[in-house]
Amino acid sequence: MRNALVTVALVVLLGLIVDGRGPVAQFAPFSSPTPQTLAPATAPPADQAEKARTAKHRGGKAHKKQEHRKQEEKHQAVRPPPNQRKIAEKNGYKRVSDLVNFPKFFPGLGIIFVKPDTLPLGPFLCFDRRDRLVATVYMVPIQDIDDHKSLEAAGSSGPVDHVSFYFNPGHPGVDVPHYHVVLWHVTKKQEERVAK
């Protein structure tokens, strides 16, 4: 009995999924469809017509309120996105140029921030001159790679468009030879924001 119920349920489900057109319509899509005819229109009884009229009137008031709300929203000021650099500073990031002898704006990466206790790996957050996050950089010492060391760092701060990976012989803040792993949050064309 149970198997019969399961079989019936499966047949019903398959019937809901299968194309309901007849087999001729499935194999001959160019056959002309049969015209549909509409039933003649008749006037509803008087009490139903009154209910429809009052419902329409009530719906009109709701529609006006909804239109009014839309107009108010349209006239409200659009808030600018939050300043990502200020958020980073609140989270403990410091400007690298304030920590070591390093340019305030470094061509190719922009204005760089890091949490001092995460050196040398980072992440380093790179901003353009308008405080927009353009990249997250990890600086991986070659010695750590040679030693097959496992490294862990905080994740990226935004969606990644593309990645650059290149050698650096060392600079203030990360004096040892290392690789820069740059996660770009902007397109290649938008990298120009930090070119100069």
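Look a little higher up for the structure.
Residues numbered from 1 in each chain as written. Predicted model: local features only at pLDDT ≥ 70, side-chain atom pairs only at ≥ 80, totals over all residues. Heavy atoms only, no water.

Caption draft 1: Highlighting empty space enclosed by the protein. Scanning all chains against the criterion turns up one cavity of 30 Å³ or more. In terms of lining residues, the largest cavity is bounded by 13 residues, among which V96, L119, F124, P172 and G173 are the most central. Of all the secondary-structure elements, those providing two or more residues to the lining of the largest cavity are α5 (96–99) and β2 (111–114). Residue classes in the lining of the largest cavity are distributed as 11 nonpolar, two polar and no charged. (1 Å grid on protein atoms, 1.4 Å probe; cavity = no way out; pocket = protein on both sides within 12 Å on 5 of 7 lines; lining within 4 Å. Points joined across faces, edges and corners; volume = space filled by probe spheres on them. Helix = DSSP H or I, 4+ residues; strand = E, 2+ residues; numbered from the N terminus. Nonpolar A, V, L, I, M, F, W, Y, C, P; charged D, E, K, R; others polar.)

Caption draft 2: Region of the structure containing the sheet that holds strand β5 (residues 162–168). Pairing in this open sheet of six strands is antiparallel, and the strands run β1-β2-β3-β4-β6-β5 from one edge to the other. If you trace the sheet from one side to the other, it starts and ends with β1 (94–95) and β5, each paired once. Here β5 pairs with strand β6 (residues 178–184) via seven bridges, running antiparallel. When the sheet's bridge partners are listed, F165 is paired in β6 with V181. (Pairing = 2+ DSSP bridges.)

Caption draft 3: Just unusual backbone geometry, in detail. Look at the link from L119 to P120: it is a cis peptide, with omega at 5°. In this structure, H148 is a non-glycine residue whose phi angle is positive, near 55°. As for its placement among the helices and strands, H148 is situated in the loop between α6 (142–146) and β5. H148 sits in the exposed class, given a relative accessible area of 70%. (Buried < 20%, exposed > 50% of the residue type's maximum accessible area, 1.4 Å probe, protein only.)

Caption draft 4: Focus on the pairing of β6. The element β6 is largely enclosed, with a buried count of six among its seven residues. Where strand β4 (residues 133–141) lies against β6, seven bridges are found, and the strand directions are antiparallel. The residue bridging P141 from the neighbouring strand is H178, located in β6.

Caption draft 5: Just the pairing of β2, in detail. Residues of β2 alternate between two faces, with I111 and F113 on one and I112 and V114 on the opposite face, all of them buried. Bridging between β1 and β2 involves two bridges; their strand directions are antiparallel. Each bridged residue has a counterpart across the sheet, and for R95 the counterpart in β2 is F113.

Caption draft 6: Main features of the pattern of salt bridges. According to the stated counting rule, one finds five salt bridges in the structure shown. A salt bridge links R85 to E89, with the shortest nitrogen-to-oxygen separation between them at 2.6 Å. With R85 and E89 both in helix α4 (residues 84–90), this residue pair falls four residues apart, about one helical turn. Between K149 and D144 there is a salt bridge, with the nearest N and O atoms lying 3.9 Å from each other. Owing to a relative accessible area of 14%, D144 belongs among the buried residues under this scheme. Taken together, the shared-partner salt bridges in this structure form one network comprising R85, E89 and D131. (Salt bridge = Lys/Arg side-chain N within 4 Å of Asp/Glu carboxyl O.)

Caption draft 7: Quick peek at the packing of aromatic side chains. Throughout the structure, instances matching the rule amount to four aromatic pairs. Consider the rings of F102 and F106, whose centres lie 5.3 Å apart with planes at 25°: the pair is stacked. For F106, a relative accessible area of 33% gives the class partly exposed. Ring geometry for F167 versus Y179: centroids 5.8 Å apart, planes at 75°, classification edge-to-face. With F167 in strand β5 and Y179 in strand β6, this pair connects stretches of sequence that are 12 residues apart. Overall, F167 belongs to the partly exposed group, its relative accessible area being 41%. Ring-pair connections join several aromatic residues into one group, and the members of that group are F165, F167 and Y179. The lysine or arginine in question, R129, covers the ring of F105, its NZ or CZ lying 3.6 Å from the ring centre. (Phe/Tyr/Trp six-rings, centres within 6.5 Å; stacked < 30°, edge-to-face > 60°. Lys NZ or Arg CZ within 6 Å of the ring centre and 35° of its normal.)

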